[in-house]
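# Structural overview for review
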Amino acid sequence: MNQTTSLTAMLSPATLKWVLVIATALAPFLIYFDTARSIVSIWNSSETFAHGYIILPISLWLQYQVLVRVSASELMFFLYWVNLPVMIAVQVAVKLLEK
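Thresholds, definitions, all that
- Residue positions are given per chain, counting from 1 as you read along its sequence in written order.
- Given that this is a predicted model, residues contribute local features only at a pLDDT of at least 70 and side-chain atom pairs are listed and counted only at 80 or more, while totals for whole chains, interfaces and linings are drawn from all residues.
- Here the side-chain values reflect all heavy atoms present in the structure, with hydrogen atoms and water set aside.
- Within a predicted model, pLDDT stands for the predictor's per-residue confidence, ranging from 0 to 100.
- Numbering goes from the N terminus for both helices and strands, where a helix is a DSSP run of H or I of at least four residues and a strand is a run of E of at least two.
- Lines are fitted to the C-alpha atoms to define the axes, a helix being fitted only along its stretch in contact, and any angle between axes, read from their N-to-C directions, falls within 0 to 180 degrees.
- Note that the term roughly parallel is reserved for angles under 35 degrees, roughly antiparallel for angles over 145, roughly perpendicular for angles of 65 to 115, and oblique for everything else.
- By definition, any crossing whose near helix is turned counterclockwise from its far helix by less than a right angle is left-handed, and any crossing with a clockwise turn is right-handed.
- In what follows, a contact means two residues having at least one pair of non-hydrogen atoms within 4.5 Å.
- Ten residue types, Ala, Val, Leu, Ile, Met, Phe, Trp, Tyr, Cys and Pro, are classed as nonpolar, four, Asp, Glu, Lys and Arg, as charged, and the remainder, Gly among them, as polar.

## A look at the confidence of the model for the protein chain
Per-chain confidence: the protein chain averages 81 in pLDDT, with 91% of residues scoring 70 or above. Per-residue pLDDT, averaged within each element of the protein chain, yields its smallest value for helix 1 (residues 7–10) (66) and its largest for helix 3 (residues 33–45) (90).

## Re the packing of helix 2 (residues 13–31) against helix 4 (residues 52–67)
Viewed as axis vectors pointing N to C, helix 2 and helix 4 meet at an angle of 150°, and their least axial separation amounts to 12 Å. By the angle between their directions, the pair helix 2 and helix 4 is classed as roughly antiparallel. Crossing of helix 2 against helix 4: the hand is right-handed. Packed against helix 2, whose contacting residues are K17, W18, V21 and F29, the element helix 4 presents L56, Y64 and L67 at the interface. When grouped by side-chain class, the residues that make up the contact of helix 2 with helix 4 number 6 nonpolar, no polar and 1 charged.

Next comes the structure, spelled out in C-alpha cells:
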C-alpha cells in the first residue's frame, strides 16, 4: 500500500476549496499581525472608523457569493495565477538576499 498520499488526494474538491479559501483569507492577518492589531486598536478608539468591524463579514459574504458560482478547477486556476507573481517575487528576493 502506498503510504504517501497527497493532501489533495485525501480531501474532496469542496473541502479543498474551503481550506484554500480560509487559508487565503487568514494569511494577510497572520503575515501582518502587528498592522492588523493597530487597525483594530484604531477601530476601538475612534468613532470615525468604528464601522471597520463590519467590513470583514461583508467581505467574507461577498467572497462566499462568488465561490458558490465557481467550480473547484476554476478556483485552483485563479489561485495559481494570483499567487504566481508572489511566488516569483519571493524567489527573486531570496536570490537577492543570498548575494
